[in-house]
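# A closer look at the structure
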Amino acid sequence: MNERTETAHAALLDAIVEALDVPLPSIAEADEQLYYRLLERRALAVRIIVQINRTVTQDPRVAADAIRTRTAEEPVTYTPFQDVKDGGVR
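Rules behind the numbers
- Residues numbered from 1 in each chain as written.
- Predicted model: local features only at pLDDT ≥ 70, side-chain atom pairs only at ≥ 80, totals over all residues.
- Heavy atoms only, no water.
- Helix = DSSP H or I, 4+ residues; strand = E, 2+ residues; numbered from the N terminus.
- Buried < 20%, exposed > 50% of the residue type's maximum accessible area, 1.4 Å probe, protein only.
- Axes fitted to C-alpha atoms, helices over the stretch in contact; angles between N-to-C directions.
- Parallel < 35°, antiparallel > 145°, perpendicular 65-115°, else oblique.
- Left-handed = near helix turned anticlockwise from the far one by under 90°.
- Contact = heavy atoms within 4.5 Å.
- Expected span 1.5 Å × (residues − 1).
- Arc of directions from axis to C-beta.
- Polar contact = N/O pair within 3.5 Å; in protein donor to acceptor, adjacent residues only side chain to side chain.
- Phe/Tyr/Trp six-rings, centres within 6.5 Å; stacked < 30°, edge-to-face > 60°.

This part takes up the environment of proline 80. Inspection of the secondary structure puts proline 80 in the segment after helix 3 (60-73). Taking the relative accessible area as the measure of exposure, proline 80 reaches 34% and is therefore partly exposed. Spatially, the C-alpha atom of proline 80 lies 9.0 Å from that of valine 22, the residues being 58 residues apart in sequence.

Glancing now at the packing of helix 2 (residues 29-55) against helix 3. Each pair of packed helices can be summarised by the angle the axes make with each other and by the distance between the axes. Interhelical geometry of helix 2 versus helix 3 gives an angle of 160° and a closest axis separation of 10 Å. One way to sum up the angle between helix 2 and helix 3 is to call them roughly antiparallel. In this structure, helix 2 meets helix 3 at a crossing whose hand is right-handed. On the side of helix 2, the interface is formed by Arg42, Ala45, Val46, Ile49, Val50 and Asn53, while helix 3 contributes Pro60, Val62, Ala63, Ala66, Ile67, Arg70 and Thr71.

Our next topic: the packing of helix 1 (residues 3-20) against helix 2. Interhelical geometry of helix 1 versus helix 2 gives an angle of 160° and a closest axis separation of 9 Å. Considering their axes alone, helix 1 and helix 2 lie roughly antiparallel with respect to each other. Facing Ile16, Glu18, Ala19 and Leu20 of helix 1, the residues of helix 2 in contact are Leu39, Arg42, Ala43, Val46 and Val50.

Its 18 residues place the ends of helix 1 26 Å apart at the C-alpha level, agreeing with the 26 Å of an ideal helix rising 1.5 Å per residue. Looking at helix 1, one finds that the buried residues are Ala8, Leu12, Ala15 and Ala19. In an axial view of helix 1, the angular spread of the buried residues amounts to 60°, which keeps them on one side of the axis. Exposed positions of helix 1 whose direction lies more than 90 degrees from the buried face are Glu3, Leu13 and Val17. Capping the start of helix 1, asparagine 2 holds a side-chain oxygen 3.1 Å from the backbone nitrogen of arginine 4, two or three residues further along.

Note on aromatic pairs: each is described by the distance of the centres and the angle between the planes. Per the stated rule, a full pass over the model turns up 2 aromatic pairs. When the ring of tyrosine 35 is compared with that of tyrosine 36, the centres are 4.9 Å apart and the planes differ by 70°; the resulting orientation is edge-to-face. Measuring from centroid to centroid gives 5.9 Å for tyrosine 35 and tyrosine 78, while their planes differ by 85°, and the two rings are edge-to-face. Pair noted here: tyrosine 35 is in helix 2 and tyrosine 78 is in the segment after helix 3, with a separation of 43 residues, a long-range link. The residues tyrosine 35 and tyrosine 78 share a single accessibility class, namely buried. Taken together, the ring pairs connect Tyr35, Tyr36 and Tyr78 into an aromatic cluster.

Spatial relationships are all this shows, so hold off on functional conclusions.
In structure tokens:
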């Protein structure tokens with residue numbers, strides 16, 4: 001594997017981590033439901049994009065760009081958890 005290919009695969013892995021690294025929700029039930037729905041939608045999108053990429057383009061840069069675009073379309077809309085020790089409000 002050459003350096004360009006390694007960089008492209010690293011970018012794909014970074015995009016996957018960024019897509020699935022969502023903040024924990026507050027303890028409100030509605031926030032927890034939104035959190036799980038968001039995580040589920042993002043995980044499904046990552047799986048589909050990677051699967052299609054493996055069979056069609058086989059270019060990790062294309063998959064990374066697609067994952068980042070899809071992640072931006074699915075922002076965090078719930079209230080994240082804030083620990084009182086970290087300055088959060090009770």
